[in-house]
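This is what each chain is made of:
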Amino acid sequence: MTALLEVSDLACQRGTRRLFDGVSFTLGGGEALVITGPNGTGKSSLLRILAGLLEEEAGEISHDDEMLYLGHLDALKPQMSVMENLRFWVSLFGGTGDLDAALERFGLGHIPDLTAGVLSAGQRRRLTLARFSCFLGGDSARPIWLMDEPDSALDDAGRALLDDLLKEHLARGGVVLAATHRGLGIEAAELRMGELGMGS
Amino acid sequence: MAKSIQRFANPARFMALSGAVLPWAAAATALTLSIGLYLALIASPPDYQQGETVRMMYVHVPSAWLASAGYASMALACAVGLIWRHPLAFASAKAMAPLGAAFTFLALVTGALWGKPMWGAYWVWDARLTSVLVLFFIYLGYIALWEVIEDFGRAARATSVFCLAGAVNLPVIRFSVDWWNTLHQPASVARLDGPAIHSSILTPLLVMALGFTLLFVVLTLVRTRTEIMERRAASLEMQQAQAGMIVGAHNG
Amino acid sequence: MRAFWALVARDIKLAGRLGGGPFVGLGFFIIVVTMVPFGVGADLPLLSRIGPGVLWVAVLLATLLSLDRLFQADFEDGSLDLFLMSPLPVEMQVLAKCLAHWITNTVPLIIAMPAVAFLVNLETGIMLPLIVSLLVGTPSLSLIGALGAALTVGVRRGGLVLSLIVLPLYVPALIFGAAAGTGDLMGTPMLFLGAFSLASLALAPFAAAAALRISVS
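Predicted model, so just to flag it, every value in this text is computed and none were measured.

Definitions and cut-offs
- The numbering scheme is per chain: residues are counted from 1 as the chain's sequence reads.
- Here every chain gets a letter starting at A, and every ligand a number starting at 1, in the order they are written.
- It should be noted that, the model being predicted, local features are given only for residues of pLDDT at least 70 and side-chain atom pairs only at 80 or more, the latter also being counted only at that level, while totals for whole chains, interfaces and linings use all residues.
- To get the side-chain values, take all heavy atoms of the structure and skip hydrogens and water.
- Under the scheme used here, helices are H or I runs from DSSP no shorter than 4 residues and strands are E runs no shorter than 2 residues, and both carry numbers assigned from the N terminus.
- With C-alpha atoms as the basis for the radius of gyration, the globule rule is written as 2.2 Å multiplied by the number of residues raised to the power 0.38.
- The buried label goes to any residue with under 20% of its type's maximum accessible area, the exposed label to any with over 50%, and the partly exposed label to all in between, with areas taken from a 1.4 Å probe on protein chains only.
- The method behind every accessible area is Shrake-Rupley, applied with a 1.4 Å probe, and residues are considered shielded solely by the protein chains displayed.
- When charges are counted, neither His nor the chain ends are considered; positive counts come from Lys and Arg and negative counts from Asp and Glu.
- Here the site of a charge means NZ on Lys, CZ on Arg, CG on Asp, or CD on Glu.
- Here a residue-residue contact requires only that any non-hydrogen atoms of the pair lie within 4.5 Å.
- On a range of 0 to 100, pLDDT expresses the predictor's confidence in each residue.
- Buried area: the accessible area, evaluated with a 1.4 Å probe, that two parts lose upon being put together, summed over both parts.
- Each reported salt bridge corresponds to a side-chain nitrogen of Lys or Arg within 4 Å of a carboxyl oxygen of Asp or Glu.
- Under the rule applied, a polar contact is a pair of N or O atoms within 3.5 Å (in protein, one hydrogen donor and one hydrogen acceptor; residues adjacent in sequence only if both atoms are side-chain atoms).
- In what follows, a disulfide is any cysteine sulfur pair within 2.5 Å.

Let's shift gears to the overall build of chain C. Secondary structure assignment for chain C yields nine helices and zero strands. The order of helices and strands in chain C, counted from the N terminus, is α-α-α-α-α-α-α-α-α. For 217 residues, the compact-globule estimate of 2.2 N^0.38 gives 17 Å, and chain C sits close to it at 17 Å. The buried share among the 217 residues of chain C stands at 57%. If you sum the accessible surface of chain C, you get close to 8500 Å²; carbon and sulfur atoms cover 73% of it. Once the 10 positive and 10 negative side-chain charges of chain C are each reduced to a mean point, those two points are 7 Å apart.

As structure tokens, then:
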């Protein structure tokens, strides 16, 4: 299988502090990598570097396909409705699919016109997952998913929906990189941060 | 791009070199300024129109020169920093800012003090002094931006973008203020930097300008060295804190 | 280009739904103008003479006040991260946001100008050049302000520092704008003002985009 994302000897420096170095891995279509480790070991920074939001101190990143990023925040506007929020991001990033069906899938089908400001944290995260569901599979506009603690704020039903979404994305040839504390219900390689001799 | 930092910037070499140069540069500065002050305050004649007030010029003109030259050097350092990611360039730009601002302030104060006897008011919105005032505000903005952004790397790059934006805008500001000045008042008759300068005035002026420039360079070197040492101290503290965390983790 | 207009539409929509919409900035503008006669006295000839300058300064301050939030809200809710990864170039995003900011904040002030002008006893003949000068000059305020907003996004007391770094850069716009507001429609100051706006249009988006990338890093 050809590599969709190749990372070699990546290092990250924050201020005067070296967060990590020598991080290398390769991911092909349908493969997932779970990033674990204690707080402050650079899980979020690694994802932000891959997303192009932070600059690496050393190392190489190569990928032909575009990435979709989920940070700690859901990037929702409280003044806009659930549907308006979803439609804006999906159209900006060139996603495809039925937006109503996407909302339905994550249990938001009955409230498309509610303002996002009144959503609970779990509902906000579900709306974000609905956004990701418009970029499913290796042929989508954004096949490489970078997710920073995608399971935060989700209840058991929500976590099951997340696992389903990730499985479908992988089955269709997408790539998932997720930082997580509790682990995800998918088959994935593990990258443990904050340990000596870190590698692939 | 950040990779090149280690290769190009060699703070250790800079520290050694600047440490060797500093005593000589400081001595040269002291000597030049002593000669300049003697020439300016004692040896040169008073002006036949302005009297002793003209001696203010020997401080004002070099200050005004350094206000502009200081900003130009800062902008150059910022450009070098942004293009080659040279931390030394950022550190020197940071070091120059308060110095440039101080000389700008000195130019404003001497200009105002000179203006009182010549124009009858401390501040008459003279075009040149007004431009210098706006330059002073830009210095303040640059310094304030350094103060409020905590991370060194981010602050260095953000302030550099602002410094360069200021450098692009400054000629336009200068032009607009000149134009505005002719719109609202007639050109001043008396100038602090008059058109025809006699050699008895020019020589002390040039010596003073050289002395001020040397002073600027010496102080910039000192401040850049301090900045580097502060960064090194912060880095050592951070390493200790990290080591402490690991030890703590093993004990616990 | 569709993404560009989608962003403009989104920001206009958001500005309209923010508490008070465009009326907060408009109210601020009118109050600032009202304060001037209290300060200098109800001297009608004097007010009429300083009127265009007062109106220009008030527009400038009202613009500055609203710039604080240009990128801050998107930074706080994580939208800015996504914007920087989006296929629309960041420079175009800055332009889109400036356009939306100008439409929602500055255009209402210009529309209100004929009414507000009575407060400073503005001569009727000056109204047209004043409005044209504002239309020509105020885009540069949004554009240069965007650079300041991008530099101070996510910064403690960002609004205060924003004023400190942006106001000196506004000097040419104010000088040419206030002069154009009293002069000929195609006079020298109007041409300088137009040139200044065009130069800001050409340069500010690149500087602001670079500043945004630095600010999220």
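Moving on to the overall build of chain A. A tally of helices and strands in chain A yields five helices and eight strands. Counted from the first residue to the last, chain A has its helices and strands arranged as β-β-β-α-β-β-α-α-α-β-α-β-β. The C-alpha radius of gyration computed for chain A amounts to 17 Å, which stays within 12% of the reference 16 Å derived for 200 residues, consistent with globular compactness. Taken along its principal axes, the extent of the C-alpha atoms in chain A is 50 × 35 × 30 Å. The buried share of chain A, reckoned over its 200 residues, is 54%. In chain A, once contacts between residues fewer than 6 apart in sequence are set aside, the share between residues at least 24 apart is 72%. As displayed, chain A has an accessible area near 8100 Å², and 46% of this comes from carbon and sulfur atoms. Taken as two groups, the 18 positive and 29 negative side-chain charges of chain A have centres that lie 6 Å from each other.

Moving on, we come to the confidence of the model for chain C. Predicted coordinates in areas of low pLDDT are best not read in detail. Looking at chain C as a whole, the pLDDT averages 92, with 100% of positions reaching at least 70. With pTM at 0.90, the complex prediction returns an ipTM value of 0.92.

This part is about the interface of chain C and chain B. Between chain C and chain B, the residue contacts involve 23 residues of the former and 28 residues of the latter. Each partner contributes to the roughly 2200 Å² buried at the junction of chain C and chain B, and carbon and sulfur atoms together form 81% of this total. Connecting chain C to chain B are one salt bridge. With its nearest N and O atoms 2.9 Å apart, the salt bridge here joins R156(C) to E150(B). Between the two partners, chain C and chain B, sit four residue pairs in polar contact (both at pLDDT 80 or more). Going through the elements one at a time, α7 (124–151), α8 (158–180) and α9 (188–216) of chain C are the ones with two or more residues in the side of chain C that touches chain B.

This next bit is on the side chain of Q93(C). All names here are of chain C. Here Q93 is to be found in helix α6 (residues 90–116). Judged by relative accessible area, Q93 falls into the buried class, the value being 5%. At 3.0 Å, the side chain of Q93 and the side chain of S86 are in polar contact. Excluding residues within four positions of it along the chain, Q93 makes contact with L7, F83, L84, S86 and L88.

Let us now look at the pattern of salt bridges. This structure, assessed with the given rule, holds 24 salt bridges over all chains. Here R17(C) makes a salt bridge to E84(A), at a shortest N to O gap of 2.8 Å. Here R17(C), found in helix α1 (residues 2–17), pairs with E84(A), found in helix α2 (residues 82–92), and the two come from separate chains. For R17(C), a relative accessible area of 39% puts it in the partly exposed group. Residue classification places E84(A) among the buried residues on the basis of a relative accessible area of 17%. In this structure, R159(A) engages D151(A) in a salt bridge whose closest nitrogen and oxygen atoms are separated by 3.0 Å. Like R159(A), the residue D151(A) is buried in the burial classification. Bridged by salt links that share partners, the residues K77(A), R10(C), D11(C), D74(C), D77(C) and K97(C) form one connected network.

For the structure on display, the rule yields zero disulfides over all chains. Left without a disulfide partner, C163(B) is nearest to the cysteine sulfur of C78(B), which lies 3.7 Å away.

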